[in-house]
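# Per-entry structural report
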Amino acid sequence: MSKMAAVMESGEDAFKQLFKFYKRRKPPPDFSEVIDFSGKLCSGKVVPIKLNLTAVSDASIVGLRPAQDWRAFGLQGYPGFVFISNPFRKGSQPFWIRQCLKTYPQKPNVCNLDMHMSPSDTQDIWERSVHSLSSPTPPRRQEKSLLERLRWVTLGYHYNWDTKLYSEDHYTPFPADLQLLSQQIALSCGFSDFRPQAGILNYYRSDSSLGIHVDESELDHSRPLISFCFGQSAIFLLGGKQRQDPPTAMFMHSGDVMVMSGQSRLLYHAVPRIVPAPPGLLPSELQNSPTSPDTNSVVEPVSEQDWTVCLRYIESSRINMTVRQVLGPGQSFPQS
Ligand code: SIN
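This report concerns the structure included in the present document. (Residues numbered from 1 in each chain as written. Predicted model: local features only at pLDDT ≥ 70, side-chain atom pairs only at ≥ 80, totals over all residues. Heavy atoms only, no water.)

## Some points on the site of the ligand
Surrounding the ligand, one finds N202, Y204, L210, H213, M252, H269, V271, R318, N320 and R324. One of the side-chain N or O atoms of H213 is found 3.0 Å from an oxygen atom in the ligand. N320 places a polar side-chain atom, nitrogen or oxygen, 3.3 Å from an oxygen atom of the ligand. Starting from 260 Å² of accessible surface for the ligand in isolation, the protein chains cover 96%. If you map the ligand onto the pockets, it falls in the largest pocket. (Near = heavy atom within 4 Å. Polar contact = N/O pair within 3.5 Å; in protein donor to acceptor, adjacent residues only side chain to side chain. Areas by Shrake-Rupley, 256 points an atom, 1.4 Å probe, with all protein chains shown as cover. 1 Å grid on protein atoms, 1.4 Å probe; cavity = no way out; pocket = protein on both sides within 12 Å on 5 of 7 lines; lining within 4 Å. Sits in = over half its atoms within 2 Å of the grid points.)

Pasting the structure below:
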């Protein structure tokens, strides 16, 4: 019997059991059955996927390698699920990480800190965190910086965590750079008219997790959900249409991109664990090389000063951005 089968023997819901298994601290779980798309692929479930390479027109502009160099995989039993193993050009992830930490948390975007702090206090999260995150040794302090207290940011149509709805009147412009990046990924998967309208950024500390859920608040489910990961690795569990269906576990490393579309658009999923790299051993992909990018690139060089702060942050954290289309063509929000 495999280790995993042994875990699943009791009658308890298979997804919950695996979630608890991978979240467990003592003893730490065995990761040998977690699919690692960055390594040698031993799982019979993994299948190579053919992307629509010619449709990707602006890869280098958004810091992606040429599409013919991307390594894309699907999983047997999950039609519409695509895993692209870090398609980012070396040196371009720092830009996207800085956007997640310095730019996207800014007003008019919305973040968890707005829920219990005044607008003037959440005005400049980055500037107010820089001092404590750029000193060579973390100052002994009682209070965490605002960046370290950031849990989520919403973009475009702002997701309402209480009602689980988007609404017409809570919208701010979706970032143009992230729109272009997401559209390149959508194009490669055959979605030529994907319109990024909402984004949810999740910020994970090394002990964070994300519970079992399905992303169904968007009104049009025929468009993909696109997910980008930066910083520390995580275990991602992809389940079925029913909450209790047994999931498949996979690693998500910095730069990895995942697309949930078609029959996989509404599958249950969760992040039970962040798997921090040993101190000082961040992947070389995360080295900042502030070379001058292409003239029309959206990817700007990241200053050493900004990168020091980003690096300190991601040494113990993970960032995930999910991009969604909320409304189909001609669709509008129901009258409330
Ligand atoms: C999500 O499901 O919304 C985010 C998943 C992740 O952090 O990878």
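## Quick word on the pattern of salt bridges
For the structure shown, the criterion picks out twelve salt bridges. Here D193 ties to R223 by a salt bridge, and the two come within 3.1 Å at their closest N and O atoms. Residue D193 is found in the loop between α6 (176-188) and β6 (198-205), and its partner R223 is found in the loop between β7 (210-213) and β8 (225-231); the two are separated by 30 residues along the sequence. On the accessibility criterion, D193 (41% relative accessible area) is partly exposed. The exposure class assigned to R223 is buried, which follows from its relative accessible area of 12%. E218 serves as the salt-bridge partner of R265, at 2.8 Å between the closest nitrogen and oxygen. In this pair, R265 is assigned in the loop between β11 (257-260) and β12 (269-275) and E218 in the loop between β7 and β8, connecting sequence segments 47 residues apart. Taking the relative accessible area as the measure of exposure, R265 reaches 2% and is therefore buried. Bridged by salt links that share partners, the residues R98, K102, E300 and D306 form one connected network. (Salt bridge = Lys/Arg side-chain N within 4 Å of Asp/Glu carboxyl O. Helix = DSSP H or I, 4+ residues; strand = E, 2+ residues; numbered from the N terminus. Buried < 20%, exposed > 50% of the residue type's maximum accessible area, 1.4 Å probe, protein only.)

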